[in-house]
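Residue strings, one per chain:
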Amino acid sequence: QFSKREPFMLKADWHSVPGWGDSFEIFVPRKNKVMPVRQAPLRLVAFLEAFRRVNEECWQEILAELRVMQAQKPDDYPG
């Protein structure tokens, strides 16, 4: 689809989760709504899956810290 502001750019909304199948409904921020999107091209899906695996330890650390922050409600902070 062509952008009215940037007519030289083509934009696509894809998902990159192999288990979600060919189409899946997700929130698309630039459209500000939940809508079905197609799976990204397989090369891109494979690249992103490899990226996730290589960075698994980092993602798990981030997730653990987010859980700690969630448990510490804003009222728990001094000051």
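Since the structure is predicted, the reported quantities are computational estimates derived from the model, not experimental observations.

*Asks:* I would appreciate a short explanation of the overall build of the protein chain in the present structure.
*Replies:* Broken down by element type, the protein chain carries two helices and three strands. Starting at the N terminus and ending at the C terminus, the protein chain contains elements arranged as β-β-β-α-α. Considering the protein chain as a whole, with its 79 residues, one finds that 11% of them fall into the buried category. Nonlocal contacts in the protein chain, meaning residues at least 24 apart in sequence, comprise 26% of its contacts between residues at least 6 apart. Accessible surface, the protein chain: about 7100 Å² in total, of which carbon and sulfur atoms supply 60%.

*Asks:* Would you take a moment to explain the environment of Glu 56 for this structure?
*Replies:* When you line up the elements, Glu 56 lands in helix α2 (residues 56-71). A relative accessible area of 38% means that Glu 56 is categorised as partly exposed. Reaching out from Glu 56, the side chain makes a polar contact with the side chain of Gln 60 at a distance of 2.7 Å.

*Asks:* Honestly, the packing of aromatic side chains in this entry has me stumped. Any pointers?
*Replies:* Here a ring pair, both rings aromatic, is described through the centre-centre distance and the interplanar angle of the planes. Taken as a whole and judged by the stated rule, the model has two aromatic pairs. On the basis of an interplanar angle of 15° and a centroid distance of 4.1 Å, the ring pair of Trp 20 and Phe 24 is categorised as stacked. For Trp 20, a relative accessible area of 35% translates into the label partly exposed. For Phe 24, a relative accessible area of 31% gives the class partly exposed.

*Asks:* How do you make sense of the sheet that holds strand β3 (residues 33-39) when you look at a structure like this?
*Replies:* Pairing between the strands of a sheet is mediated by backbone hydrogen bonds and can be parallel or antiparallel. The sheet built from three strands is open, its strands ordered β1-β3-β2 with mixed pairing. Each edge of the open sheet is held by one strand with a lone partner, namely β1 (14-15) and β2 (23-28). Two elements, β1 and β3, share two bridges in a ladder whose sense is parallel. Residue pairing in the sheet places Trp 14 in a bridge with Arg 38 of β3.

*Asks:* Just checking my understanding: could you explain unusual backbone geometry for this structure?
*Replies:* What is expected of a backbone is that most residues other than glycine have negative phi and most peptide bonds are trans. Backbone geometry places Asn 32, a non-glycine residue, at a positive phi of 55°. Within the secondary structure layout, Asn 32 lies in the loop between β2 and β3. For Asn 32, a relative accessible area of 62% translates into the label exposed.

*Asks:* Just checking my understanding: could you explain the pairing of β3 for this structure?
*Replies:* Regular strands have side chains that alternate between both faces of the sheet. Where β2 lies against β3, six bridges are found, and the strand directions are antiparallel. Across the sheet, the residue bridging to Phe 24 is Val 37, located in β3. Here β2 hands over to β3 after four residues, with Asn 32 in that stretch at a positive phi of 55°.

Calculation rules
- Residues numbered from 1 in each chain as written.
- Predicted model: local features only at pLDDT ≥ 70, side-chain atom pairs only at ≥ 80, totals over all residues.
- Heavy atoms only, no water.
- Helix = DSSP H or I, 4+ residues; strand = E, 2+ residues; numbered from the N terminus.
- Buried < 20%, exposed > 50% of the residue type's maximum accessible area, 1.4 Å probe, protein only.
- Contact = heavy atoms within 4.5 Å.
- Areas by Shrake-Rupley, 256 points an atom, 1.4 Å probe, with all protein chains shown as cover.
- Polar contact = N/O pair within 3.5 Å; in protein donor to acceptor, adjacent residues only side chain to side chain.
- Phe/Tyr/Trp six-rings, centres within 6.5 Å; stacked < 30°, edge-to-face > 60°.
- Pairing = 2+ DSSP bridges.

Everything listed is a geometric property; what it means functionally is a separate question.
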